[in-house]
Amino acid sequence: MLNKIAFKALRQKWRDYSVLLIGTTIAVAIFYMFTNIAMNEELLRSLSTMTQKMIVFVFVLGQILLGVITFVYLNFANSFLVRLRQKDYGLLSMLGATKHQIGSLLLRETLLLGLISSILGVFVGMGITKLSGQALMQSIGIKLSHWSVGTPKVVLVTIGFFLLIFLFNGLYNRWRLMRLDTLTLLQADHVVSAKKVNPKRQLILGLLGIILLGTSYAIMPKVVQWQMIGLTVDLILNVTGTYLFVGQTLGLVTYWIGKSEFGQKGLRNFINGQLRFRLDEYKRILTMIAVLFGLALGAISVGQGYYVSLPKQAVENDALTLATKNPKTDFADLKDVTYQAQLDYVVKDQTVYFNKDSVKKAQVPTLVYQQNGQPDAKPKQTTVDVNHPEDAYTLSTLANYVTGVPFGSDVQLVNQLPAGKQEIIKLVKVKDLQANESVLKKMAANEKAYMSNPDEMIPGAYGNLITLKTIFGGLEFMSIFLGIAFLIMLASTLMFKTLSNVSLDRRRYEILAMIGTTPQQLRLTAFKDVGILFFIPMLIGLMDATMGMQIFKPIMPDPYSGFSLGLMLVLGIYGGYYILTSLIYQRLVLKK
Amino acid sequence: MVQPILLAKNIKKTYQSGAHVAQPVLNDLSLTVENGEFLAIMGPSGSGKSTLLNILSTLMQPTSGSVTINGQDILAMNDKDMAKFRGQDMGFIFQNYNLIESLTVAENIALPLNLQKKAPKLTQERVQVVSELLNIKELRHKYPAELSGGQQQRVGAARALVHEPGLIFGDEPTGALDSENAREMMQYLTKINQEKLISILMVTHDPFSASFASRILFLNDGEIAGELVRGAQSRESFYQQILQQLGNFEE
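Residues numbered from 1 in each chain as written. Chains lettered and ligands numbered in written order. Predicted model: local features only at pLDDT ≥ 70, side-chain atom pairs only at ≥ 80, totals over all residues.

- Chain B has the name ABC superfamily ATP binding cassette transporter, ABC protein in an unreviewed UniProt entry, where Weissella minor is given as its organism.
- Recorded in UniProt for chain B, the comment headed Sequence similarities (unreviewed entry) runs: "Belongs to the ABC transporter superfamily." (UniProt positions renumbered as here; feature names shortened; annotations may be inferred.)

- The name given to chain A in an unreviewed UniProt entry is ABC transporter, permease protein, and the organism recorded there is Weissella minor.
- The UniProt entry for chain A carries this comment under Sequence similarities (unreviewed entry): "Belongs to the ABC-4 integral membrane protein family."
- Word for word, the UniProt comment on chain A under Subcellular location (unreviewed entry) is "Cell membrane".

Take a look at the structure:
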């Protein structure tokens, strides 16, 4: 019988439940997506050999964080469920159902929801993993060898994790419900408390919030010098500052708006009142979202920043763009060619012989890594000095390439090439590597036939770029993937928090409608009402990320280079969530 | 001659439930509220008095008939105009107060003026005036949850009054109040009616509250079953008359 009631409730309140179900399904899907990568050790190892330890650490940390957010999120989602059903439970209790029966009913409903959303979520997760994985790999231009959509182990871990959380939540809900009496249950919607604040205390705490947040921004450029301690202190300052800012400083702002003439226009005071009323309840979640919004944007931007800096690094590490043994290669297809030449050579016993005069005449560009026998941190762009061919990076790279032996090939500049098979190598340098990437890609593909070792790196900046991409592309992929996963969870959490309070808001909007608010004004007000809740953490998160990029200044050439793309991606997803939330909110709050 | 503030003609309302054509809730009902009148509508539950109030106050559409308020045909209006009309020409007092609990008393009262985008200065002044009238000046900065039922209802009345509408609708305005608070509330409504010359149309099942009105219509099974006019008699004797009338209906 209880099973039947639980199931019927799901069917009857389908519209409300569907919101809940979609939300929890998304949570499962994101968790699945993440776990799928975190448990794929081969993939993690293949991403980068140098940073293996770091990446495992990042994923462990990520998994813990995601677990915590998921937990909080499901808590909100479940309190939404309880609110949906509280009145019905009160009624059942009045009709004589025992506390135990009602508690058991709630537990069953929670588990039913958990089971459905876990199974749905795994499927959705597989879908998202497949699509987003493909899309990301394609846009970055890499192929991950150990990439998979999932294993039975990942499916089991995900479903197990969620059933456990749902069980815990269900038990907790049951415990909470059983402590309430019938009357409280029946009057579920009428419990409203207005919190009194001490203005002096709020003013002090509000100012303290600004100071702490400001300090955390101010020390960011220096944080790296102080290493772990610096990072920890800054994080604590930032989180505390944000918490006080959201809870107290904004409280002051709403207080002032309420007093000012600005608040007197239209429904501004209503929206302001909504915020003032919610701040106390929302300050924790808004703080969490603000901080994590900043982290997600930061992660994506840093990943992207590394990635966009690759062509620059590639160019800095080589004097040429491309060297080719293919005599048919035509450089005419390339844009803005700044240098081109052709050299004859002969290979004999691992030694490559060039004609001294033609090298001199060709003025082959090269990097010089040392000066007067001392190594130089920054290589110098110059032309080959025919008297010191051993210093010329370009010549040794070319030698290694044509022999197919990475190390130990020797270069000799001679007046007369020795007897043997005479071959040519063509050299080219372009102004803009990225603008020529597609043409270079074709040239490199045609080059395969002429290479003695097909795994060999083709000399020049283009070859560098390809190598760098295989190393860092995976990292970028991860950072974007991670960032998006977090962002979706955050936005879903906020969505639920907003929607779970809908029964209280509904009454307020009904009153507004009755006393003469036009339908259009009501819709606009609902948009703004939800908008402010999304706007506050976004604003703080944006500041966090903008300032936070300073941390990377000592270790990245240009930390802000990936920022605009990261910003677009993050704002796109977050904005989408805002629109979705306010549309659902409107549907729930406004009567047709 | 001054035109009546409200004129309802041949109102009919039938709720459609599935294939059945249900018994009409309101059956060809007509009524008039004169300018400055305090009209109470009484009737047992199921008599259609809530439906009538909802229709007259534009919150619900009748199946047929016409409603004119202040010379305007309200059924010909679209949603937007209707909302605006409600906001400017009508005030509402509800049984459960319907205050917005996230706003202070002063902010609640100011809402109708805010909606009309009145100048902040004027709004403040008007809020001040009605707060004094209803003796809630001291409560200005409190939230509804901190007030007693009687206080909340006075705030509700202040909100209904602040934009000086031509007509205030009351839906069981004393329904949630104890007898002492109910008496006080009705005295305030009488004051509003007499000092501000605002017409009041109130639905109630409580004969005591109804005895403050100048005229009473009795509703039964969707039709007007009787009428009492207070005239020059005292409220006490009017109250006796109402009880007698209700007794007659019982038989």
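### Focus: the interface of chain A and chain B
Part 1: Across the boundary between the two partners, chain A contributes 24 residues, which contact 26 residues of chain B.
Part 2: At six residues, the largest contribution of residues to the side of chain A that touches chain B is made by helix 10 (residues 268–308) of chain A.
Part 3: Its residues assigned to classes, the side of chain A that touches chain B comprises nine nonpolar, eleven polar and four charged. (Contact = placed C-beta atoms within 7 Å. Helix = DSSP H or I, 4+ residues; strand = E, 2+ residues; numbered from the N terminus. Nonpolar A, V, L, I, M, F, W, Y, C, P; charged D, E, K, R; others polar.)

### A look at the domain arrangement of chain A
Residues and elements named next belong to chain A.
Part 1: Assigned domains within chain A: domain 1 (1–191), domain 2 (215–318 + 461–592) and domain 3 (325–459).
Part 2: One C-alpha centre belongs to domain 2, the other to domain 3; they are set 50 Å apart.
Part 3: Residue-level contacts link nine residues of domain 2 with eight residues of domain 3.
Part 4: Counting only elements with at least two residues in the side of domain 2 that touches domain 3, the list comes to helix 11 (310–316) and helix 15 (461–500).
Part 5: Here the residues of the side of domain 2 that touches domain 3 sort into six nonpolar, two polar and one charged. (Domains from an automatic or database assignment.)

### What about unusual backbone geometry?
Residues and elements named next belong to chain B.
Part 1: Phi at N10 takes a positive value of approximately 50°, unusual for a residue other than glycine.
Part 2: Phi at E164 is positive, roughly 50°, even though this residue is not glycine.
Part 3: Owing to 16 C-beta atoms within 10 Å, E164 belongs among the partly exposed residues under this scheme. (Buried ≥ 20, exposed ≤ 12 C-beta atoms within 10 Å, placed from the backbone.)

### Observations concerning the nonpolar core
Part 1: A:I30, A:A296, A:A485 and A:M489 are the most contacted members of the largest nonpolar core, which totals 216 residues.
Part 2: Every residue in contact with A:I30, bar those within four places of it in the chain, is listed here: A:A485, A:I488 and A:M489. (Core = buried A, V, L, I, M, F, W, Y, C linked by C-beta atoms within 7 Å.)

### So, the packing of helix 17 (residues 519–548) of chain A against helix 18 (residues 563–589) of chain A
All names here are of chain A.
Part 1: Orientation of helix 17 relative to helix 18, taken along the N-to-C sense of each, is 140°, at an axis distance of 9 Å. Crossing of helix 17 over helix 18 shows right-handed handedness. Side by side, helix 17 and helix 18 meet where R523, A526, F527, V530, G531, F534 and M538 of the first sit next to Y574, Y578, T581, S582, Y585, Q586 and V589 of the second.
Part 2: The class makeup of the residues in the contact of helix 17 with helix 18 is nine nonpolar, four polar and one charged. (Axes fitted to C-alpha atoms, helices over the stretch in contact; angles between N-to-C directions. Left-handed = near helix turned anticlockwise from the far one by under 90°.)

### Considerations on the environment of A:S93
Part 1: Within the element layout of this structure, A:S93 appears in helix 4 (residues 52–94).
Part 2: Taking the C-alpha atoms as reference points, A:S93 and A:I204, 111 residues apart in sequence, are found 47 Å from one another.

### Some remarks on the pairing of strand 10 (residues 199–204) of chain B
Residues and elements named next belong to chain B.
Part 1: With respect to burial, strand 10 is a largely interior element, six of its six residues being buried.
Part 2: Side chains S199, L201 and V203 of strand 10 all project onto a buried face; the interleaved residues I200, M202 and T204 project onto the opposite face, where all are buried too.
Part 3: With five bridges connecting them, strand 5 (residues 38–42) and strand 10 associate as parallel partners. Pairing of I41 across the sheet is with V203, part of strand 10.
Part 4: Summarising the sheet, strand 9 (residues 167–171) and strand 10 pair through five bridges and their orientation is parallel. Looking across to strand 10, one finds that D171 is bridged to V203.
Part 5: What joins strand 9 to strand 10 is helix 6 (residues 179–195), and the crossover it makes is right-handed. (Pairing = 2+ DSSP bridges. Right-handed = clockwise from strand over helix to strand, strands pointing away.)

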